[in-house]
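Residues per chain, in single letters:
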Amino acid sequence: MSRTPSTSRRRALALAAGGTLGTLAGCLGSFGPFGDDGNDGSDDEFVDTTDTPEPEYGHWFDADSGYAGTVDRRGDDRVTIAVGAGNGLRLDPAAVWVDYDTTVRWEWTGEAGVHDVVTYDGPAAIESKLVDGADHEYAVTVSEADEGVTRYSCRPHQGVGERGAIVVGPDVESYVTEYDTTPVDYGDWFAETPNASTTANPLRRDAVTVRVGGPGGYDPEAEEWDTAPVYETPALRVTPGTTVRWRWVPGAGEHSVTAEDGSFESDLVAVEAAESPEDQEDEHVFEHSFSEPGIHRYACERHRENGMRGAVVVEPSRH
């Protein structure tokens, strides 16, 4: 049985305008077989989206994203989306509508450097690795819990249009974004922070992890740990009740997580790096659960003036 959204979350549909979107033929060439309907995904097939109601995406596709309407794949068991399509900086197709229990698979083209696919906002949890190369795949099977609109992007290329959306649910309904995801004004808080140009939006999650000391991970070519005096995701937007876990990167030096208002504070900790991941002991973890709406600023007490700063924005529902 399908689940109907509450009146407060429903809005009238805007019907797709214009003529037949035959130009989608090239976009759909990356699709593999779908369900049992006999569609073999050949290059000369396309989906006419003229009569497909368009969900509300806000201004998500205002940038040059290759968006040409929502491809309706309700009734199919599997869909495939190309990562790094078009000029190497597009998701193909940009927007797709599926039923519950559909497996959505992303396939990397290998064009235009590193890519990932990560939820910007919405119910579906999409979080792939950042990969440079072709033939990488990442898949998510959506469920009734993912009903609605999930906007996602390639984080390195979100600003230049590599954005997508998945609409989940069998009903002809339109969903507004439940949480405000407009840009946050942090003042000059991040003036000296190199990697805080956008706010990540892992909304409606029980827990979120932030690496302390850079992106983390072991570089097998350099045979060393990848570290830097930064928080991997400095600006983070979550919903009330989310627990943020800060995890120290081995060999990153001595760092802390200290709230500007004194509401939470970790120890000043350094985790010694082993020569290999197999020999590495457990990393240090500090966590705090957020319930009060607002902007919660924090910093490393040792590197605060060097730009090692972060912020957790707690966003209440608009409905």
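Cut-off values and rules
- Residues numbered from 1 in each chain as written.
- Predicted model: local features only at pLDDT ≥ 70, side-chain atom pairs only at ≥ 80, totals over all residues.
- Heavy atoms only, no water.
- Core = buried A, V, L, I, M, F, W, Y, C linked by side-chain atoms within 4.5 Å.
- Buried < 20%, exposed > 50% of the residue type's maximum accessible area, 1.4 Å probe, protein only.
- Helix = DSSP H or I, 4+ residues; strand = E, 2+ residues; numbered from the N terminus.
- Contact = heavy atoms within 4.5 Å.
- Pairing = 2+ DSSP bridges.
- Axes fitted to C-alpha atoms, helices over the stretch in contact; angles between N-to-C directions.
- Salt bridge = Lys/Arg side-chain N within 4 Å of Asp/Glu carboxyl O.
- Polar contact = N/O pair within 3.5 Å; in protein donor to acceptor, adjacent residues only side chain to side chain.

Caption draft 1: Structural view of the nonpolar core. With 21 residues, the main nonpolar core has Tyr231, Trp246, Trp248, Val257, Phe264, Tyr298 and Val312 as its most contacted residues. Sorting the residues of this core by element identifies strand S14 (207-212), strand S17 (235-238), strand S18 (242-248), strand S20 (285-290) and strand S22 (309-314) as the ones contributing at least two each. Among residues more than four places away in sequence, those in contact with Trp248 are Val212, His255, Ser256, Val257, Ser266, Asp267, Val269, Val271, Glu283, His284, Val285 and Phe286. Val83, Val98, Val104 and Trp106 belong to the second-largest nonpolar core, a separate cluster that totals 20 residues.

Caption draft 2: Geometry of the environment of Ala68. In this structure, Ala68 sits in the loop between strand S3 (53-54) and strand S4 (71-72). Distance from Ala68 to Pro93, taken between C-alpha atoms, is 8.4 Å for residues 25 residues apart in sequence.

Caption draft 3: Main features of the sheet that holds strand S10 (residues 131-141). Strand order in this open sheet of four strands is S6-S5-S8-S10, and the pairing throughout is mixed. Of all strands in the sheet, those bounded by a partner on one side alone are strand S6 (90-92) and S10. Here the average twist between neighbouring strands, direction ignored, is 15°.

Caption draft 4: Geometry of the pattern of salt bridges. Following the criterion strictly, the structure yields 13 salt bridges and no others. The salt bridge involving Asp72 is made with Arg74; its shortest N-O contact spans 2.7 Å. Residue Arg74 is classed as partly exposed on the basis of its relative accessible area, which comes to 23%. Glu305 serves as the salt-bridge partner of Arg309, at 3.7 Å between the closest nitrogen and oxygen. Judged by relative accessible area, Glu305 falls into the exposed class, the value being 58%. One network of salt bridges, with partners in common, ties together Glu260, Arg304, Glu305 and Arg309.

Caption draft 5: Looking closely at the side chain of Arg309. Positionally, Arg309 belongs in strand S22. Arg309 gets classed as buried once you look at its relative accessible area, which sits at 13%. A polar contact of 3.2 Å, which involves the side chain of Arg309, links it to the backbone oxygen of Trp189. Within the local environment of Arg309, its side chain forms a polar contact with the backbone oxygen of Arg304, the two atoms lying 3.1 Å apart. Look past the residues within four positions of Arg309 in its chain and what remains in contact with it is Asp188, Trp189, Phe190, Thr193, Tyr231, Pro234, Tyr298, Ala299 and Arg304.

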